[in-house]
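An overview of the molecular structure
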Amino acid sequence: MSEEAGQDEYEHHGGFPKYVPADVGPEFGRLVEALRTLQDLAVSTAPSPEVTLDLAERVEAINDVLKTFQVPEGQPPAGRVMTLPGRGSLLMLPWTVEKFDAEGVRSRGVFRRFHLGGNGAAHGGTLPLLFDDMFGMIQHAYGRPISRTAYLHINYRKITPLDTELVIEGSVDRVEGRKTFISAVLKDTEGNVLADCDALMVQLLKGQP
Ligand SMILES: CCCCC/C=C\C/C=C\C/C=C\C/C=C\CCCC(=O)SCCNC(=O)CCNC(=O)[C@H](O)C(C)(C)COP(=O)(O)OP(=O)(O)OC[C@H]1O[C@@H](n2cnc3c(N)ncnc32)[C@H](O)[C@@H]1OP(=O)(O)O
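Just so it is clear, the structure is predicted and the values come from calculations on it, not from any experiment.

With that out of the way, let us pick up the pattern of salt bridges. Applying the stated criterion across every chain yields a total of 12 salt bridges. A salt bridge links Arg 112 to Asp 40; its shortest N-O distance comes to 2.8 Å. Remark: Asp 40 occurs in helix H1 (residues 26-42) and Arg 112 occurs in the loop between strand E2 (104-109) and helix H3 (126-141); sequence separation between them is 72 residues. Comparing Arg 112 with Asp 40, the two get one shared label, buried. When salt bridges with common partners are traced through the structure, they connect Glu 98, Arg 106, Arg 108, Glu 165 and Glu 169 into a single cluster.

Rendered as structure tokens:
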């Protein structure tokens, strides 16, 4: 990643808190991966009522521990660890950024069982999530202030498979005042286009939510 990437002016970041990369040990990535596996299993298993009850009690016990460590937005490491899949956020697709500079961003990963839509393909709603987060990173790497997505237009060209390595890459097409126009393409490793997407992100005014 380039030195300049993301070195923009935070006073123009609307009402957002200032996000800075989080410093975590390997235990955090281990926990996130364990939770992702839990998500995969939660949507792909049919345990007996007795096992379900036992699991519910154990997960509730884990929640009781975590509740005591809640902090405000911008402070948990989730979403702020660039080296982890999905930047360490369970919401994000578990993809790893491999290029991040003003010329564009590229990320690689798989859709997992958790992301299943139907008949073995990724759920259609998970692709806009992947693209939208990419657009946030692209405009950040370009040095644009935090902006919100005004529109996002996605073309589903081919079925997006699960558990298959895929690549997403995109860049800023042009900037017009507060408006940043961005596009990105999702491909398999043979270069087949699975989806492409373009979006408008509008720079927030001071204090804008
Ligand atoms: C986390 C980082 C940790 C550190 C690690 C380092 C790096 C991390 C990397 C990256 C960080 C990752 C992510 C980035 C984080 C956050 C990104 C947040 C993204 C979102 O959270 S996304 C949520 C969904 N998103 C919304 O929730 C938007 C709801 N909405 C609004 O908030 C308003 O709607 C708004 C603000 C969009 C505009 O409103 P407004 O009043 O300010 O401006 P206005 O309407 O005047 O539009 C100005 C000009 O845009 C044109 N325009 C507007 N909309 C258009 C449309 N749909 N089509 C065509 N043109 C459009 C107008 O026509 C005019 O154009 P013109 O000036 O030429 O006339």
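Attention now moves to the nonpolar core. Trp 95, Phe 111, Phe 131, Phe 135, Ile 168 and Leu 186 are the most contacted members of the largest nonpolar core, which has 28 residues in total. Among the secondary structure elements, those contributing two or more residues to this core are strand E1 (96-101), H3, strand E4 (166-176), strand E5 (179-188) and strand E6 (193-203). Sorting elements by how many residues they give to this core places H3 first, with eight residues. If you look at the next biggest cluster of nonpolar residues, it comprises five residues, including Ala 22, Phe 28, Val 32 and Val 81.

Quick look at the layout of surface pockets now. Approximately 550 Å³ is the volume attributed to the second largest pocket. Lining the second largest pocket we find 16 residues, and of these Phe 28, Leu 66, Pro 76, Pro 77 and Ala 78 sit closest to its centre. Elements represented by at least two residues in the lining of the second largest pocket include exactly H1 and helix H2 (49-67).

Attention now moves to the UniProt feature "domain: Thioesterase" (unreviewed entry) in the protein. Mapped onto the present numbering, the UniProt feature "domain: Thioesterase" (unreviewed entry) falls at residues 119-194. For residues 119-194, the helix share is 21%, the strand share is 43%, and the end-to-end C-alpha distance is 16 Å.

On to the site of the ligand, then. In the vicinity of the ligand there are 22 residues, among which Arg 148, Thr 149, Arg 178, Lys 179 and Gln 208 approach most closely. Between a nitrogen atom of the ligand and a main-chain N or O atom of Ala 150, the distance comes to 3.4 Å. Arg 178 is positioned with one of its side-chain polar atoms (N or O) 2.7 Å from an oxygen atom of the ligand. Burial of the ligand by the protein amounts to 57% of the accessible area it has alone, namely 1,400 Å². Breaking the shell around the ligand down by element, the ones donating at least two residues are H3, strand E3 (147-156) and E6. Per-element tally for the shell around the ligand: the top contributor is E3, with five residues. Its residues assigned to classes, the shell around the ligand shows 11 nonpolar, six polar and five charged.

Okay, the sheet that holds E2 next. Read across the open sheet, the six strands follow the order E1-E2-E4-E5-E6-E3; overall the sheet is antiparallel. Unpaired on one side and paired on the other, E1 and E3 mark the two borders of the sheet. The mean angle between the axes of side-by-side strands here comes to 15 degrees, regardless of whether they run parallel or antiparallel. Sheet strands touched by H3: E1, E2, E3, E4, E5 and E6. Its angle to E5, the strand with the most contacts, is close to 130 degrees.

The rules behind each value
- Residues numbered from 1 in each chain as written.
- Predicted model: local features only at pLDDT ≥ 70, side-chain atom pairs only at ≥ 80, totals over all residues.
- Heavy atoms only, no water.
- Salt bridge = Lys/Arg side-chain N within 4 Å of Asp/Glu carboxyl O.
- Helix = DSSP H or I, 4+ residues; strand = E, 2+ residues; numbered from the N terminus.
- Buried < 20%, exposed > 50% of the residue type's maximum accessible area, 1.4 Å probe, protein only.
- Core = buried A, V, L, I, M, F, W, Y, C linked by side-chain atoms within 4.5 Å.
- 1 Å grid on protein atoms, 1.4 Å probe; cavity = no way out; pocket = protein on both sides within 12 Å on 5 of 7 lines; lining within 4 Å.
- Points joined across faces, edges and corners; volume = space filled by probe spheres on them.
- UniProt positions renumbered as here; feature names shortened; annotations may be inferred.
- Near = heavy atom within 4 Å.
- Polar contact = N/O pair within 3.5 Å; in protein donor to acceptor, adjacent residues only side chain to side chain.
- Areas by Shrake-Rupley, 256 points an atom, 1.4 Å probe, with all protein chains shown as cover.
- Nonpolar A, V, L, I, M, F, W, Y, C, P; charged D, E, K, R; others polar.
- Pairing = 2+ DSSP bridges.
- Axes fitted to C-alpha atoms, helices over the stretch in contact; angles between N-to-C directions.
- Contact = heavy atoms within 4.5 Å.

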